[in-house]
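Geometric and topological summary
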Amino acid sequence: MSRFYFDHNATTPVAPEVIEAISEALRSGFGNASSIHAEGQNARQLLERARRQIAAYVGASAAEIVFTSGGTESDNLAILGLARNSRAPGKHVITTAIEHPAVLESCRQLENEGTAVTYAPVGPNGAVVPDEIRRHIRPETVLVSVMHANNETGIVQPLAEIAAIVRDVRESGQKIYMHSDGVQALGKVPVNVATLGVDLYSMSAHKMNAPKGIGALYVRKDVPLRGIQFGGRHERARRAGTENVPGAVAFGRAVELASAEPIWRKLAQMRDRFEQRILDATHGTEINGAPAFRLPNTSNLYFPGVDGEALIIALDLKGFAVSSGAACSSGSVEPSHVLLAMGRPKREARQCVRFSLGRYNTEEQVDALADAVIASVQQLRGANRKERLEQHA
Ligand SMILES: Cc1ncc(COP(=O)(O)O)c(C=O)c1O
C-alpha cells in the first residue's frame, strides 16, 4: 500500500539535495570548527556559510544567528537567556495561551524561579489581540513572547503589530524585548526579522525538509542574552558545545532550496481545494481558525460527532498520515490546549484533526486524502449511529 504523508507540521521528509549536502559535510567537514588546523578551518567555513545562508533568508546579519539543537532549545535560550539576564526587580514576562510547550514550559520554569508570567488569551479565531498584549505590559515587563504561526491551527499572528507595541515601550526607556517562536512559519510564509521588528526569533530545520537536531535563534544585535548551558565560548558565548556542522550545512541547504523554490502558493491552492471538498461533502464540518490568516499548508478541521483519534487511525489504515495537532501531545487523551483557548469545549476539541501539507505533496495525493477523509467520516458517523441505536434497543 502506498503511504501519503500529511503531517508536515510535526516534521518533514529530508530533501534529497539536503541529504547530499549533509553527506558531503559528514565526509569532508568532520573537523571541530574551533580547531586551528586545516580540518577545523574547513568545518568553520562550512558553518559560517550556513550561518550566512540562514541570515540572508530571514533578513538578519550572520553575527545575529546562533545555532542550536532545534526549536525547543531556541525557545528555551531566548526566554530563559533573556529573562535570567535581566536585573529588573519583580521581573514580568508576557506570553500567550496558545504557545508550543517549548515556550509554555520555559515560562513555567521562570515562574518557578520567581518571575511573574502572564498568559494572554486569544480571540475565538485563535489570533492574539495586540491591545490585549499592550494592556498587560507593566514597568517590570522584560519580555513578550508570541509565536509567529500556530502549529495546530496554522494561524499567523499579528506579530509586526505586537512587536511595534514592544518597541514603543522600549523607546520610552524600558528594557523590554520581543521574542517569537517562528518554528512553523519559516519556509511557509515570508520571514524578515527586521520587517517583523522582533528581537529574538526561533527556528527549527526539521520543519523545512532538513534533519532533526539543528535549529537557530536570531538574536538582534545588542539584545542582552546570556547562554543557558555552560561550557566553551561557542556561538559568541551564547551556546556552549561543539557545533553541529553537518546539521548547520543541512539547514543552510534547506533554506537555499526554500528560497529558490517557494511552495506557499502551491500549498495554499491544494489546501483550499481540500477544505472545499470536505466542507461540501461532510455535514457540519468547521475550519478551526477561519477566517483568520493561516499558514498555507495547514487545515485543522472540526468534524462534529467524529472522534479525532478514531479518524486518524482510520486514515492511517488507508495509508494517510495525519495528526490531532501538536506531535508532542498526540497519543495522549488530553484535548488540545490551543483549541480550548480558542473556546472549543473539550468534547469538540477531541473531534478535530490537523492536516498539514508539504513540499512533495501532489494534487492527486490531496484529492485521494479528501476522498479518504469523506469516506472515513461517513463510516465513523454511521458506526456511531448504529452503536447509539443498539444502546437504545
Ligand atoms: C511552534 C513550535 N515551536 C517549537 C517546536 C519545537 O521544535 P523542535 O522539534 O525543533 O524542538 C515545535 C515543534 O513541533 C513547534 O511546532
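Residues numbered from 1 in each chain as written. Predicted model: local features only at pLDDT ≥ 70, side-chain atom pairs only at ≥ 80, totals over all residues. Heavy atoms only, no water.

All right, on to the domain arrangement of the protein chain then. When cut into domains, the protein chain gives domain 1 (16-260) and domain 2 (263-392). Inter-centroid distance (C-alpha atoms) of domain 1 to domain 2 is 30 Å. Across the boundary between the two partners, domain 1 contributes 30 residues, which contact 24 residues of domain 2. Regarding the contact of domain 1 and domain 2, the summed buried area is about 2200 Å², with carbon and sulfur atoms giving 63% of it. The largest share of the area that domain 1 buries against domain 2 comes from Glu 152, Thr 153 and Lys 188, three residues that together contribute 31% of it. Taken together, domain 1 and domain 2 are joined by zero salt bridges. Taken together, domain 1 and domain 2 are joined by six residue pairs in polar contact (both at pLDDT 80 or more). Within the residue set of the side of domain 1 that touches domain 2, elements represented by two or more residues are helix 1 (16-28) and helix 9 (245-260). Along the lines of polarity and charge, the residues of the side of domain 1 that touches domain 2 split into 15 nonpolar, eleven polar and four charged. (Domains from an automatic or database assignment. Contact = heavy atoms within 4.5 Å. Buried area = accessible area lost by both parts, 1.4 Å probe. Salt bridge = Lys/Arg side-chain N within 4 Å of Asp/Glu carboxyl O. Polar contact = N/O pair within 3.5 Å; in protein donor to acceptor, adjacent residues only side chain to side chain. Helix = DSSP H or I, 4+ residues; strand = E, 2+ residues; numbered from the N terminus. Nonpolar A, V, L, I, M, F, W, Y, C, P; charged D, E, K, R; others polar.)

Let's shift gears to the pattern of salt bridges. In this structure the tally under the stated criterion is 25 salt bridges. In this structure, Arg 108 engages Glu 111 in a salt bridge whose closest nitrogen and oxygen atoms are separated by 3.8 Å. Of this pair, Arg 108 and Glu 111 are both found in helix 4 (residues 101-112), three residues apart, which corresponds to roughly one turn of the helix. A salt bridge links Arg 271 to Asp 272; the nearest nitrogen and oxygen atoms lie 2.9 Å apart. The class for Arg 271 is buried, based on a relative accessible area of 6%. Residue Asp 272 is classed as partly exposed on the basis of its relative accessible area, which comes to 40%. Taken together, the salt bridges that share partners define one network made up of Arg 44, Glu 48, Arg 51, Glu 235 and Glu 243. (Buried < 20%, exposed > 50% of the residue type's maximum accessible area, 1.4 Å probe, protein only.)

What follows concerns the sheet that holds strand 6 (residues 177-181). Reading across the sheet, the seven strands line up as 2-8-7-6-5-3-4 and stay open at both edges, with mixed pairing between neighbours. The strands lining the two open edges of the sheet, one partner per strand, are strand 2 (65-68) and strand 4 (116-120). The mean angle between the axes of side-by-side strands here comes to 20°, regardless of whether they run parallel or antiparallel. Pairing of strand 2 with strand 8 (residues 215-219) involves four bridges; the strand directions are antiparallel. Paired with Phe 67 across the bridge in strand 8 is Ala 216. Strand contacts of helix 4: strand 3 (92-96), strand 4, strand 5 (141-145) and strand 6, with the helix running at about 150° to strand 4, the strand carrying the most contacts. (Pairing = 2+ DSSP bridges. Axes fitted to C-alpha atoms, helices over the stretch in contact; angles between N-to-C directions.)

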